Each structure stands twice: as C-alpha cells, then as structure tokens.
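Single-letter residue listing:
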Amino acid sequence: MMELSERDKNHLWHPLTQHQTAKPPIGVVKAKGALLWDEDGNEYIDGIASWYTTMYGHANEHIIAAVSEQMRQLDFVMFSGFTHEPAVKLSERLMEILPANQQKIFFNDNGSTAVEAALKMAFQYHHNAGDKRDTLIAFKEGFHGDTFGAMSASGIASYNAPFEDFLLKVIRIPTPQKDNLEAVILQLENIIAENNVAAFIFEPLVQGAAGMKFHTAEGLAAIIKKCQENGILCIADEIMTGFGKTGANFACDQLEQKPDIMCLSKALTAGMFPLSITSCTQAIFDRFLSEDVHKGFFHAHTFSAHPLGCAAAIAGIELLQSAEISEQQKNIEKSHAAFAQKIRNHSKVAEVRHKGVILAIDFNVKMERYGTLRDQLYQFFMERGVALRPLGNTVYILPPYVISEEQLQKVYDSIEGALAIV
Ligand SMILES: *Cc1c(COP(=O)(O)O)cnc(C)c1O
C-alpha cells in the first residue's frame with residue numbers, strides 16, 4: 001500500500017494550500033487526548049487543539065459515549081417541521097451558560113454559516129420594520145469565515161483579494177486599545193451618522209486569525225453601547241473564543257455590555273462533529289413574527305441541528321462545567337504566565353501575551369503570512385513532535401484543556417528552541 005501522503009496527491013485539494021510548493025501533508029492515523037500519530041508512528045502534541053476544536057482532548061470517552069448512544073436512538077431527521085431531544089436539551093443547557101439576554105438558538109453546520117445566518121438575521125431584522133440598512137461595521141483584521149457574507153466581514157486581505165469586487169459594504173474600525181478609545185468612538189459616530197448601519201460584527205477580546213491579537217473589554221463594551229443606542233445589532237463571533245478559552249465560558253462574559261447575536265462553533269461539539277449556532281435575543285426573534293409568512297427567517301441548511309452534533313455539544317458542556325476541566329484551565333493559565341515571564345525579555349521576542357489558555361508570542365523577525373521562514377518554523381516544531389501553526393511572525397499555543405504539564409513543557413521547550421535559531 002502506498003503511503004497516505006502519496007495517494008493524497010492523486011485526487012485531493014487541501015484548504016489554505018498552494019499545491020505547487022507545499023510539502024506533502026502528514027497522514028494522521030490516530031488521535032487521543034492531546035496527541036496525534038502519523039502513519040510512520042511519529043507522535044505530535046496537538047498544540048492548537050486542531051483549530052481550537054478538540055478542547056477536551058481527541059477521542060474523549062465521554063463524548064464518544066454520548067454520540068454513540070445518540071446514533072442508535074435517532075441518527076438524523078430534518079429540523080423543519082420536526083424537533084428532537086438533543087436539540088431541545090442543548091438549547092436548555094446553553095441557556096444556563098450564555099449571557100442572560102440570549103434566548104433563541106438557530107442551528108447551522110459550521111462557523112461561516114453561523115456568521116452568514118447572523119448577518120442575514122440582522123439585515124432582515126431591519127427590513128421587517130421597513131428600515132433599509134445596508135452597511136456593516138467590523139474590526140480591522142477580523143476573521144469571520146470564508147463564505148461571501150462572512151468573508152466580507154473579514155479584514156484579512158490575503159484571503160479576500162480575488163473577491164473584493166463582490167463583497168458586502170463593510171466599514172472597518174481599529175480595535176480598542178488602551179490609548180485610542182476616544183478616537184475610535186469618534187470615528188464610529190461619524191460612520192453611524194453617514195451610513196445606514198445594520199450591524200457591528202466582532203471577535204470579542206481576541207482576534208484569532210489576525211495572530212491572537214487582544215483588545216480591551218472596556219473599549220469593546222463602549223463600542224457595543226454606542227452601536228446599540230443607534231439601533232445597530234451587535235454580533236459577537238465567539239467561534240474561536242467560546243467554551244472556556246479566555247478565562248470565562250465566553251469572552252462576552254467579561255463585557256459590561258452584551259451582544260444581541262452570538263455565533264458559536266469549533267469547541268461547541270468538542271471537535272467531534274461539524275455544528276454551529278447563531279443565538280439571539282427575544283427582541284430579534286419577535287421581529288420575525290407576523291401573519292405575513294415572508295417575515296419569517298427563510299434560511300436553512302440540510303443538516304441543521306444534527307442530533308449527533310447536539311449530543312456531542314451537550315456532553316461537551318458537561319465537561320466544560322466539570323471540576324477537572326476548570327482546574328486544568330487554571331493550571332494552563334498559570335503555566336502560560338510563568339513561561340511568558342521567562343521569555344519576555346528574550347531579544348527575539350517582540351511581545352508575549354496570554355489570556356486564559358491562549359498564549360501568543362510575536363517573534364522579533366520579519367515573516368510573511370505564508371513565507372519561507374514561517375514554513376521553516378512550522379517544520380521545526382513538527383520535527384520536535386509539536387504541531388503549531390504560526391500566523392505570520394506570531395507563534396501561539398491554544399492547547400486542549402487535558403494537556404499534561406509535561407506535554408505543555410515540551411511545547412514551551414520547542415518554542416525556546418525556535419527562539420534560539422531565528
Ligand atoms: C474558524 C472561525 C470561523 C469560521 O468557521 P468555519 O467553521 O471554519 O467556517 C469564523 N469566525 C471565527 C472567529 C473563527 O475562528
């Protein structure tokens with residue numbers, strides 16, 4: 001039998017890959033906890049929890065049991081005209097942990113479609129009241145997904161360039177930092193005065209794809225407040241930050257002002273199943289109630305509220321609320337703080353920052369987002385049994401909560417090794 005990576009080449013097209021120059025992908029045959037194994041028997045620590053999804057570890061027995069049981073009971077049924085226990089129960093469990101103003105749960109099947117639904121909900125919310133609003137506000141360097149609406153909201157040009165002419169109208173503002181809030185609010189007021197703004201969409205507190213960039217909770221709350229005073233719906237994209245990564249269940253828990261709409265995916269199902277949610281307030285839901293059928297939200301995906309995804313999500317929330325996982329979150333946070341302290345003054349470290357289980361280090365070297373040095377760094381980590389994906393010159397860790405102290409130490413050691421050679 002040819003190697004997986006050889007057979008892969010014949011028919012597969014990978015995401016975020018320039019196939020002319022990319023190295024062959026690594027054939028992964030097994031995963032457990034924080035570890036991945038390739039077809040040659042090499043072991044890797046999954047330092048970013050496979051795009052921040054498998055936060056309770058790969059092949060988690062609790063999640064497996066819940067999904068297997070659900071599979072035998074009810075595999076799938078369409079969600080229009082039908083409902084089922086896993087969807088109802090998941091909505092009840094989410095009400096216990098989401099901000100209190102979130103009352104309704106709309107299901108989608110991936111992060112981008114959760115954002116797409118949020119944007120359509122926001123536009124139609126105004127449309128249903130006869131208010132024509134056509135503009136979105138988003139943060140510079142935000143990332144919200146790859147479908148057209150989500151891509152429009154995203155500000156990372158290396159992904160969007162070929163499609164610029166086909167996007168929604170979006171005006172970008174800088175993220176609020178310690179020294180710019182007054183200027184940002186002023187800019188926001190001008191944008192609001194000169195446009196018909198439907199919604200403001202943002203990644204709360206941490207911009208993932210931008211390179212784990214942080215902004216202030218006070219500043220974000222002030223922006224949300226200003227938007228809401230002007231009837232602009234605020235959409236928190238918690239697809240990356242949700243389910244315990246920032247030191248709270250949701251980044252929005254740390255905000256004085258709550259969003260109107262939230263998007264959840266990734267860790268929602270512990271990485272077991274593609275599922276996503278767009279939640280909203282009662283007031284938004286009520287705006288779609290009418291004797292006129294066309295005022296309803298006519299948006300659906302075939303696999304809406306897939307019972308297996310819902311079962312995985314319920315089991316995931318049980319783990320999120322367990323004493324073991326909260327203890328692990330605290331341990332990781334403490335280890336991150338100590339490691340950040342240790343490398344802060346290294347000559348090759350421009351900045352190191354951490355929040356919850358997220359740790360990011362900006363290397364003091366010039367690196368293209370998809371450049372050679374970035375690829376060498378990626379390779380350097382893989383050769384040391386650590387799977388990380390540097391974003392430009394930012395190396396970040398977002399480990400599964402179940403990572404052991406020893407495994408985490410090995411990740412830190414590999415980063416110190418990289419700092420020594422760049
Ligand atoms: C990953 C991500 C998305 C897109 O989710 P997909 O499931 O990849 O479509 C959107 N927003 C944020 C913040 C993300 O991290």
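Residues numbered from 1 in each chain as written. Predicted model: local features only at pLDDT ≥ 70, side-chain atom pairs only at ≥ 80, totals over all residues. Heavy atoms only, no water.

Participant: Help me understand the overall build of the protein chain, please; the structure alone is not making it clear to me.
Facilitator: If you tally the helices and strands in the protein chain, you get 14 helices and 16 strands. For 422 residues, the compact-globule estimate of 2.2 N^0.38 gives 22 Å, and the protein chain sits close to it at 22 Å. In terms of principal-axis extent, the alpha carbons of the protein chain reach across some 60 × 55 × 45 Å. Relative to its full complement of 422 residues, the protein chain shows a buried share of 53%. Intrachain contacts of the protein chain at a sequence separation of at least 6 include 70% that bridge at least 24 residues. Looking at the protein chain as shown, the accessible area adds up to about 19500 Å², and 53% of this sits on carbon and sulfur atoms. Taking the 37 positively charged and 50 negatively charged side chains of the protein chain as two groups, their mean positions are separated by 3 Å. (Helix = DSSP H or I, 4+ residues; strand = E, 2+ residues; numbered from the N terminus. Rg over C-alpha atoms; globule rule 2.2 N^0.38 Å. Buried < 20%, exposed > 50% of the residue type's maximum accessible area, 1.4 Å probe, protein only. Contact = heavy atoms within 4.5 Å. Areas by Shrake-Rupley, 256 points an atom, 1.4 Å probe, with all protein chains shown as cover. Lys, Arg positive; Asp, Glu negative; His and termini not counted. Charge placed at Lys NZ, Arg CZ, Asp CG, Glu CD.)

Participant: How should the sheet that holds strand β16 (residues 394-397) be read in this particular structure?
Facilitator: Pairing is antiparallel across the open sheet formed by three strands, whose spatial order is β13-β14-β16. If you trace the sheet from one side to the other, it starts and ends with β13 (349-355) and β16, each paired once. When strand polarity is set aside, the average angle formed by the axes of neighbouring strands in this sheet is 15 degrees. Pairing geometry for strand β14 (residues 358-363) and β16, over four bridges, is antiparallel. Bridging from a neighbouring strand, Asp 362 pairs with Thr 394 of β16. Together, β13, β14 and β16 form the strand contacts of helix α14 (residues 405-421), whose direction differs from that of β14 by roughly 10 degrees. (Pairing = 2+ DSSP bridges. Axes fitted to C-alpha atoms, helices over the stretch in contact; angles between N-to-C directions.)

Participant: What's the story with the packing of aromatic side chains in this structure? I'm lost.
Facilitator: Aromatic ring pairs are defined here through the distance separating the ring centres and the angle between the ring planes. Applying the stated criterion to the full structure yields 12 aromatic pairs. Three or more aromatic residues joined by ring pairs make a cluster, and in this case those are Phe 106, Phe 288 and Phe 297. Directly above the aromatic system of Tyr 125 lies the positively charged group of Arg 287, at a separation of 3.9 Å from the ring centroid. Between Arg 384 and the ring centre of Phe 380, over which it is positioned, the NZ or CZ distance is 3.6 Å. (Phe/Tyr/Trp six-rings, centres within 6.5 Å; stacked < 30°, edge-to-face > 60°. Lys NZ or Arg CZ within 6 Å of the ring centre and 35° of its normal.)

Participant: Explain the UniProt feature "binding site: pyridoxal 5'-phosphate" (unreviewed entry) in the protein chain to me, please; I cannot follow it from the model alone.
Facilitator: Residues annotated in UniProt with the feature "binding site: pyridoxal 5'-phosphate" (unreviewed entry) correspond here to Gly 111, Ser 112, Asp 237, His 301 and Thr 302. You can see Gly 111 is positioned in helix α5 (residues 111-127). Gly 111 has contacts with Ile 239, Ser 265 and Ser 276, leaving out every residue within four places of it along the chain. Positionally, His 301 belongs in the loop between α10 (282-286) and α11 (307-320). (UniProt positions renumbered as here; feature names shortened; annotations may be inferred.)

Participant: Explain α14 here, please?
Facilitator: Because each turn of an α-helix spans 3.6 residues, side chains separated by three or four positions end up pointing in the same direction. Spanning 17 residues, α14 covers 25 Å between terminal C-alpha atoms, matching the ideal 24 Å at 1.5 Å per step. Here α14 has its buried residues at Gln 407, Leu 408, Val 411, Tyr 412, Ser 414, Ile 415, Ala 418 and Leu 419. One side of α14 holds all its buried residues, which, seen down the axis, span an arc of 155 degrees. Along α14, the residues that are exposed and aim more than 90 degrees away from the buried face are Glu 406, Ala 420 and Ile 421. (Expected span 1.5 Å × (residues − 1). Arc of directions from axis to C-beta.)

Participant: Please explain the site of the ligand as it appears in this structure.
Facilitator: Asn 110, Gly 111, Ser 112, Phe 143, His 144, Gly 145, Glu 203, Asp 237, Ile 239, Met 240 and Lys 266 make up every residue found near the ligand. In this structure, Phe 143 approaches the ligand through a main-chain N or O atom, which is 3.5 Å from a nitrogen atom. Contact distances for the ligand include 2.7 Å between an oxygen atom and a side-chain N or O atom of Lys 266. Notes on the ligand: free accessible area 380 Å², of which the protein chains cover 81%. For the shell around the ligand, the per-class residue count stands at three nonpolar, five polar and three charged. (Near = heavy atom within 4 Å. Polar contact = N/O pair within 3.5 Å; in protein donor to acceptor, adjacent residues only side chain to side chain. Nonpolar A, V, L, I, M, F, W, Y, C, P; charged D, E, K, R; others polar.)

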